[in-house]
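Reading the structure
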Amino acid sequence: MSAVVAEHDDHHDHGPAKGLLRWVITTNHKDIGTLYLLFALAMFFVGGSMAMVIRAELFEPGMQFVNPQFFNSMTTMHALVMVFGAVMPAFVGLANWMIPMMIGAPDMALPRMNNMSFWLLVAGVLLLASTLFMEGGAPASGWTLYPPLVLQTGKALPFAIFSVHLLGISSILSGINIIATIFNMRAPGMTLMKMPMFVWTWLITAFLLIAIMPVFAGAVTMLLTDKFFHTSFFDAAGGGDPVLYQHIFWFFGHPEVYVMILPTFGVASTIIPVFARKPLFGYSSMVYATAAIAFLSFIVWAHHMFTVGMPIAGELYFMYATMLIAIPTGVKVFNWTATMWKGSMTFETPMLFSIAFVVLFTMGGFTGLMMAVAPADFQYHDTYFIVAHFHYTLVPASVFILMAAGYFWLPKWTGHMYDERIGQLHFWLSVVSVNVLFFPQHFLGLAGMPRRIPDYAVQFADWNMISSIGGFVFGASQLLFLYIVIDTIKGGTGEKVTAEVWEDAAKHSLEWTLPSPPPYHTFTTPPTVIPTEHI
Amino acid sequence: MKKTKQLFAGLILMALGLGTVQAEYTLNLMKGATKVSHDIYDLHMLILWICVFIGIGVFGTMFYSIYHHRKSRGHKAAQFHENTTVEIIWTIIPTLILIGMAIPATKAMMELDDVQESEMSIKVTGHQWKWEYEYLDNGIHFFSSLDEASNKARQVGSGIDPFTVDNYLLDVDKPLVIPTKKKIRFVFTAKDVIHSWWVPDLGWKKDANPGFINESWTSVDQPGTYRGQCTELCGKDHAFMPIVVIAMNEPEYNAWVEKQKSALAAEAGSASKQWVKEELIAKGKSVYETNCSSCHMADGAGLAGTFPAIKASKVVTGDINAQVKLMLDGKGMMPAFGKMLSPVDFAAVVTYTRNGLGNSVGDSIQPSAIQTLQSATPGAGK
Amino acid sequence: MSTSNEYYIPHKATWPVLGTSGLLMMLAGFANYLNGSSGGAAWMGLGLTVVIIMMAGWFTLQATESESGMYSAQVGISYRMGMMWFIFSEIIFFAVFFGALWYTRNLSVPWLGGEGAKAATKELLWPTFEAVWPTNGPGKVGGDFEPMGTWGLPFLNTLILLTSGVACTWAHHGLLSKNREQLIKGLMATVGLGLLFVCFQAIEYHEAYTDMGLTLGSGIYGSTFFMLTGFHGFHVCVGAIILSVVLFRSWKGHFKPENHFAFEAAAWYWHFVDVVWLGLFVFVYVI
Ligand code: HEA
Ligand code: HEA
Ligand code: CUA
Ligand SMILES: [Cu+2]
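Not measured: the values here are computed from a predicted model.

1. Observations regarding the overall build of chain C
Helices and strands together make up the secondary structure of chain C, namely eight helices and zero strands. In chain C, the succession of α and β elements from N to C terminus is α-α-α-α-α-α-α-α. Expressed as lengths along the three principal axes of its C-alpha atoms, the size of chain C is roughly 80 × 45 × 35 Å. When contacts within chain C are restricted to residue pairs at least 6 apart in sequence, long-range pairs at least 24 apart make up 72% of them. The averaged location of the 16 negative side-chain charges in chain C is 10 Å from the averaged location of its 12 positive side-chain charges.

2. Considering the coordination of the iron atom of ligand 2
Any two of four tetrahedral donors ideally make an angle of 109.5 degrees at the metal, while pairs among six octahedral donors ideally make 90 or 180 degrees. Residue and element names in this part refer to chain A. Within the protein, the iron atom of ligand 2 binds to His 78 (NE2) and His 391 (NE2); these donor distances fall in the range 2.0 Å. For the iron atom of ligand 2, the six donor atoms in the first shell make angles of 88 to 179 degrees at the metal, a pattern classed as octahedral. Taken together, the residues His 78 in helix α4 (residues 68-103) and His 391 in helix α14 (residues 384-414) connect sequence positions 313 residues apart. Both residues of the pair, His 78 and His 391, count as buried.

3. Considerations on the interface of chain B and chain A
Frequently, the measure chosen for interface size is the accessible area that the parts lose on association. Facing the 100 residues of chain B at the interface are 106 residues of chain A. For the pairing of chain B and chain A, the buried interface totals around 8,800 Å² over both sides, and the portion due to carbon and sulfur atoms is 71%. Applying the counting criterion to the chain B and chain A interface returns one salt bridge. When the shortest N-O distance is used, the salt bridge between Glu 503 of chain A and Lys 71 of chain B registers 2.5 Å. Counting across the chain B and chain A interface gives 24 residue pairs in polar contact (both at pLDDT 80 or more). Secondary structure elements with two or more residues in the side of chain B that touches chain A: α1 (2-16), α2 (35-68), α3 (84-113), β7 (204-208) and β9 (224-230) of chain B. Residues belonging to the side of chain B that touches chain A are distributed by class as follows: 53 nonpolar, 31 polar and 16 charged.

4. A closer look at the environment of His 381 of chain A
By the secondary structure assignment, His 381 of chain A is in the loop between α13 (374-380) and α14. In this structure, the C-alpha to C-alpha distance between His 381 of chain A and Thr 307 of chain A, residues 74 residues apart in sequence, is 7.7 Å. The contacts of His 381 of chain A, once residues within four sequence positions are left out, are His 304, Thr 307 and Ile 386 of chain A together with Lys 205 and Glu 232 of chain B. In terms of polar contacts, His 381 of chain A uses its side chain to reach the side chain of Asp 382 of chain A, at 3.3 Å.

5. Remarks on the coordination of the copper ion (ligand 4)
Residues and elements named next belong to chain A. Coordination of the copper ion (ligand 4) by the protein involves His 254 (ND1), His 303 (NE2) and His 304 (NE2), with metal-donor separations of 1.8 to 2.1 Å. Read in sequence order, the donor residues coordinating the copper ion (ligand 4) give the pattern H-x48-H-H. A separation of 4.5 Å is found between the copper ion (ligand 4) and the iron atom of ligand 1. Note that His 254 is positioned in helix α8 (residues 242-276) and His 304 in the loop between α9 (283-297) and α10 (312-324), a separation of 50 residues in sequence. Judged by relative accessible area, which is 4%, His 254 ranks as buried. The class of His 304 is partly exposed, set by a relative accessible area of 23%.

6. Considerations on the packing of aromatic side chains
Ring pairs (aromatic) are described by centroid distance and by the angle formed between their planes. Residues and elements named next belong to chain A. One pass over the structure, following the stated rule, counts 92 aromatic pairs over all chains. Between Phe 84 and Phe 252, the ring centres sit 6.4 Å apart and the planes meet at 10 degrees, which makes this aromatic pair stacked. With Phe 84 in helix α4 and Phe 252 in helix α8, this residue pair connects regions lying 168 residues apart in the sequence. Each member of the pair Phe 84 and Phe 252 is classed as buried. A centroid spacing of 6.4 Å and a plane angle of 85 degrees characterise the contact between Tyr 392 and Phe 439, whose relative ring orientation is edge-to-face. Of the two residues, Tyr 392 sits in helix α14 while Phe 439 sits in helix α15 (residues 420-446), which places them 47 residues apart along the sequence. For Tyr 392, a relative accessible area of 0% puts it in the buried group. Seen from the ring of Trp 23, Arg 22 lies directly overhead, with NZ or CZ sitting 4.3 Å from the centre.

7. Remarks on the pairing of strand β8 (residues 214-218) of chain B
All names here are of chain B. By the criterion of burial, β8 is predominantly enclosed, with four of the five residues buried. The sheet contact formed by strand β5 (residues 184-190) and β8 spans five bridges and is antiparallel. Residue pairing across strands places Phe 188 opposite Asn 214, the latter belonging to β8.

8. Here we look at helix α9 (residues 320-329) of chain B
Structurally, the α-helix is built with 3.6 residues per turn, so residues lying three or four positions apart point the same way. All names here are of chain B. Within α9, the full set of buried residues consists of Ile 320, Gln 323, Val 324, Met 327 and Leu 328. Along α9, the residues classed as buried sweep out an arc of 135 degrees about the axis, all on the same side. Backbone nitrogen of Asn 321 and a side-chain oxygen of the N-cap are separated by 3.2 Å at the start of α9; the cap is Asp 319. Just downstream of α9, Gly 330 is the residue with a positive phi angle, here 75 degrees.

9. Describing the sheet that holds strand β4 (residues 176-179) of chain B
Residue and element names in this part refer to chain B. Sheet architecture is open: five strands sit in the order β4-β10-β9-β6-β7, paired in mixed fashion. Each of the sheet's edge strands pairs with one partner strand only, and the pair in question is β4 and β7. Strand-to-strand, the axes of this sheet are offset by a mean angle of 25 degrees, without reference to chain direction. Pairing of β9 with strand β10 (residues 242-248), which is carried by six bridges, proceeds in the antiparallel orientation. Looking at the pairing, Arg 227 lines up with Val 244 of β10.

10. Digging into the interface of chain C and chain A
Each partner contributes residues to the interface: chain C has 71 residues there, and chain A has 69 residues. Carbon and sulfur atoms make up 75% of the area that chain C and chain A hide from each other, which totals about 6,000 Å². Viewed at the interface, chain A and chain C are joined by one salt bridge. Here Arg 112 of chain A and Glu 65 of chain C are joined by a salt bridge, their closest N and O atoms 2.6 Å apart. For the interface between chain C and chain A, the tally reads 14 residue pairs in polar contact (both at pLDDT 80 or more). Residue assignment for the side of chain C that touches chain A shows that the elements contributing at least two residues are α1 (15-34), α2 (40-67), α3 (73-112) and α7 (219-251) of chain C. Among the elements that make up the side of chain C that touches chain A, the one with the highest residue count is α3 of chain C (21 residues). Grouping the amino acids of the side of chain C that touches chain A by side-chain chemistry returns 42 nonpolar, 24 polar and five charged.

11. Considerations on the sheet that holds β5 of chain B
Residues and elements named next belong to chain B. Here five strands make up an open sheet; going across it, the order is β3-β2-β1-β5-β8 and the pairing mixed. Looking at strand neighbours, the two that pair on one side only are β3 (141-144) and β8, the edges of this open sheet. Recorded for the sheet is a direction-independent mean angle of 25 degrees between the axes of neighbouring strands. Judged from the six bridges that link them, strand β1 (residues 120-127) and strand β2 (residues 130-135) form a sheet pairing that is antiparallel. Bridging across to β2, Lys 123 finds its partner in Glu 134.

12. Section: the site of ligand 1
Residues and elements named next belong to chain A. Near ligand 1 you find 31 residues, and of these Tyr 258, Asp 377, His 381, His 389 and Arg 451 are the closest. The separation between an oxygen atom of ligand 1 and a polar side-chain atom of Asp 377 is 2.7 Å. Contact distances for ligand 1 include 2.8 Å between an oxygen atom and a side-chain N or O atom of Arg 451. Looking at the shell around ligand 1, the elements with two or more residues in it are α8, α11 (326-340), α12 (349-372) and α14. Examining the composition of the shell around ligand 1, we find that seven residues originate from one element, α12, more than from any other. Residues of the shell around ligand 1, tallied by class, amount to 18 nonpolar, 11 polar and two charged.

How each quantity is defined
- Counting of residues starts from 1 at the beginning of each chain's written sequence and follows it residue by residue.
- Labels follow written order: the first chain is A, the first ligand is 1, and so on.
- Local features are withheld for residues below a pLDDT of 70 in this predicted model, meaning they are given only at 70 or higher, and side-chain atom pairs are given and counted only at 80 or more; totals for whole chains, interfaces and linings count all residues.
- Water and hydrogen atoms play no part in the side-chain values, which are based on all heavy atoms of the structure.
- Comment: elements are numbered from the N terminus, with helices defined as DSSP H or I runs of at least four residues and strands as E runs of at least two.
- The contact criterion used throughout is that any non-hydrogen atoms of two residues lie within 4.5 Å.
- Neither His nor the chain ends is counted toward charge; the positive residues are Lys and Arg and the negative residues Asp and Glu.
- The atoms used to mark charge sites are NZ of Lys, CZ of Arg, CG of Asp and CD of Glu.
- Note: metal donors comprise N, O and S atoms at 2.8 Å or less from the metal (3.2 Å for Na, K and Ca); water molecules are not included, so apparent gaps in a site are possible.
- A four-donor site is classed as tetrahedral when every donor-metal-donor angle falls between 85 and 135 degrees; four donors are called square planar, and six octahedral, when trans pairs exceed 155 degrees and all remaining angles lie between 65 and 115, with any other arrangement labelled irregular.
- Only protein chains enter the accessibility calculation, which uses a 1.4 Å probe; a residue is then buried when its area is under 20% of its type maximum, exposed when over 50%, and partly exposed in between.
- Two parts placed together each lose some accessible area under a 1.4 Å probe, and the buried area is that loss summed for both.
- Whenever a carboxyl oxygen of Asp or Glu lies within 4 Å of a side-chain nitrogen of Lys or Arg, that contact is scored as a salt bridge.
- Under the rule applied, a polar contact is a pair of N or O atoms within 3.5 Å (in protein, one hydrogen donor and one hydrogen acceptor; residues adjacent in sequence only if both atoms are side-chain atoms).
- Under this grouping Gly is polar, as are all residues other than the nonpolar Ala, Val, Leu, Ile, Met, Phe, Trp, Tyr, Cys and Pro and the charged Asp, Glu, Lys and Arg.
- For Phe, Tyr and Trp, rings pair up if their centres lie within 6.5 Å, where Trp contributes its six-membered ring, and each pair is then called stacked (planes under 30 degrees apart), edge-to-face (over 60) or tilted (otherwise).
- A positively charged side chain is recorded as over a ring if its NZ (Lys) or CZ (Arg) lies within 6 Å of the ring centre. The angle to the ring normal must also be within 35 degrees.
- By this definition, two strands are paired if DSSP reports at least two bridges between them.
- By definition, the arc is the one covered by directions from the helix axis to the C-beta atoms.
- Axis definition: a line fitted to C-alpha atoms, over the contacting stretch in the case of helices. Angles run 0 to 180 degrees between N-to-C directions.
- Here a residue is near a molecule or strand as soon as one of its heavy atoms is found within 4 Å of it.

Okay, structure coming up:
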């Protein structure tokens, strides 16, 4: 056999290809992980800049900077870029880097396809971004792309739709790859119930991806044919129903938000035990809770549609089903708390971000639960209360955990230590400003401010100004993160980090048994000892 | 200075986590003006407090642990990592709490759903970007759009300070008037895209979907003015289609109804009179500003790629009947104005577009001619 | 140094980037075409060509690697899982359209006809509409039409596809029992029947458009009918192409009884297309 493999004679100890081309044609999970992470970081700044446009226009009542149509484009593009360009790719990047190292595999199961997933993502985002420069402007119908409004989009419409198709294929391919890797590539002895929580949550997330991205693709395909090929899916005159789109969209959309939160849970469950110096509490119940959340996520979608005029039986069913999600999510929150209980905690930056995540995510969860109560949602729906809810679950939850993951693994990836002082500064600035940014939005929503508006009645002026100030500070603070990432890659504090980086980390997961930075190829021969701290 | 103080106080309250229950700062949900809205308010407070208490419990435990169980205080880590009993407890207790929340929620839901035995019906139709109200029992029918003062102030770079405008963005030219203490059934639909009708004081919002009817009801106890907005993104001017509901005692309401009826009759009269061009142009300017400028822009320049310019438009400078026909029937995003404008307004705006906004075709059309055409068109298609 | 259970990891991949740029060109071209810009169609064609080249190149590479024995059993499992979950995602895609059919037929059309809590919808908006399926809606979108019959061509097509499924399995048996002639004949029959199916469907569509007034624009019935059967027909074509490649490789002597992933993948795909058709036949034509 070696004779044949000899065609790739540098098989074992070769390094990456030289030059820029290395990044284009690479099949290495670490390279692809890096690409994903850097791309996501860039998109976070792009999406964030759009949010800054939103916050600037909302700083004061009256129209100052942009016209209403462009404002709506900003809202739409901000959300699409953040969701599909920043948060999801960032987690796929983490999956690429960490899953093979955590389960003792040499690489992802399908390396060529892995490369394609990444480039399809880039292609999709390019198509999406190109709509900003088109006649009639970028899509301005909200990220939910509801018809009939979205059908009024100008030239951008087919581009946005095809961009969704590309992003969908990219996600499906990543999902398939992750499932195949986890099922097929584990080192001997790494049973499913010995896998780190991060791997578990991604396994479940990957199923979600494969099950929902085709749904979104189907929905936008119907938009395309309704607009260009005379079909009537969403047109009552032809026997269709605009609300049908909403059902399809949210059948995708609700699990989609869990796609952004389940890996978050996984990272939190990885970081907290390390800094509490204690095994994760209730490992198996964490696994079951994740599975339960994923299952429930498929049967609650219409809680986004309480006001569309569903039959009462439907409203009640979706209300009850949605409330159930609080139970497994509660289990997670309690387990993290119990993991910290009687630990021996230290508070390095990754731990700080993780603790903030637990607290602030729970607050977002609480408001989610409030909105699950259908009659109350008749008041909350489509107000800033919703905006506050989901930013609490996305920014100080998903994004904070991505930051935590960055601090936690950067030393492993680069072999350099980040500057702890700047890290702490970044944390404190972020955690204060993010609350100044989003907490007042609860008040605004309750007091009656609708979402997706570029201008508002004067009684909302004060809180909007505070929120905007929080937004600018939060945005500016993220420049510190950018600085730290660049600085650490370039050498950081100069301190040489050990393989373990964090005290006793190797008890928790396999990546800490590898040198920092790990060699280009790892685990070409599977590891023999599996950490079982959490069992 | 007062404002800063107020803000500061608000921030402190917020920090204490008590923020949402201080009504003076309009931080909380409004109680509203109907029984349903009170029920919903109570429900809201119930879940809010439940969440606050659970939060205090969970975060309290966590911060206790963060304070005491830290390495710098020399705490040694315990190594337990499982306890089936507590896991069962913290699964069952939330379940019970949720059931406790679901019961009042279900009751409120059932009550809201029941539109039976209503005493009158109002049909509400959403348009880009105004509301149409039709009293199904007595034939009163009108459109309601953003009032002029707000509309002027809200233009990009208008230079008008919103704080100087009364009820900025929350006022309309013609409010919806309803009697108090009557069960009123609303039926909602939309002409173009989805809109959503929300007056917080009534306790709910309902989507207006094109091609379908949704129903809801209300019964207001106290006379008063209640304001709201469209809450479903419906395009460019989604922020600028407010709702004003004025609830009146029965006698006042009846007087209002009579007044509307006579106004309708007077309007029919003025349509048959012969108008001079200048009169039409003058009237047409204000009709244009309320009905057309949101798309074709105040100066008639349009918006490249979406809304064609009126200035030097082939249609406007061409055959007048073709222009009237286009405006009667609509085309794509251009609404069908056949049923939306009175014959006078219609004739006025047509005349204005042809003789203002940089055009000078010179001709005009009489309201009576429009009236004949309007009754000939069977109403807008889809 | 390599052992037979070594996991093969390629070190460079040029096809994915090429394929992605092809796809990008194709879709951007298509979008421009839909917007009525000139040149859109040309870009589309160019993109499609690149995609086809990519497929040919990538599959050839896989085939040569496979035939030279670089894939261990473990690699084979990865491929199988990949294909399985890919087909799963396709099933979901079809499910969306079936779902739309179910929803419109059982919910929105009856609502438009005043059923349930929506009595006012009929009363105020569509007073003359009677909710019966098939329908082109209260606006009679697309004009009068005749619904598609069941027991003519569609039924014949059902038999054809089922037979082709059997032929495919027969070919597989041939492969397993090292009977290459049976393998090739079976595959030829499968592909042939698939093409016959597509021809009959083309005839059916032609009739619908010319004689029955039934088009994609015939309201919700036309929309669901053509989108479901159309996507299915497209999948039959793709399946037939994949099977032709497998046929070509069989003819060149590829595949062993214990190692023939490409054949399996093609066969799974074909059976999936078969099963979708059965669903279509029941829900679109019979009921
Ligand atoms: C990561 C993202 C994320 C997450 C995790 C969640 C989590 C939840 N969401 Fe949220 N949601 C969004 C993102 C997210 N959401 C987005 C983006 C939107 C808006 C989309 C749009 O319209 O644009 C939205 C909108 C949205 C709505 C629609 C509102 C409307 O438009 O009217 C609803 C309604 O039910 C809802 C509910 C919930 C619930 C019940 C949870 C639950 O999962 C929360 C569960 C967690 C807890 C409850 C806290 C912890 C639990 C305990 C401590 C146990 C004990 C607690 C009790 C018994 C009370 N969400
Ligand atoms: C993962 C998803 C995600 C993330 C991370 C964010 C992050 C942020 N979001 Fe967003 N948001 C959504 C998902 C997300 N959002 C969604 C789904 C919607 C609904 C859309 C819809 O209605 O359709 C929405 C809508 C939304 C709105 C409502 C718009 C409307 O209804 O009209 C607002 C308003 O404040 C907002 C603000 C912000 C802000 C300030 C941030 C900040 O956290 C961003 C911080 C980051 C940066 C600022 C970038 C980094 C810094 C720089 C570029 C340097 C320059 C900056 C300075 C010097 C100040 N978002
Ligand atoms: Cu009408 Cu928003
Ligand atoms: Cu949801």
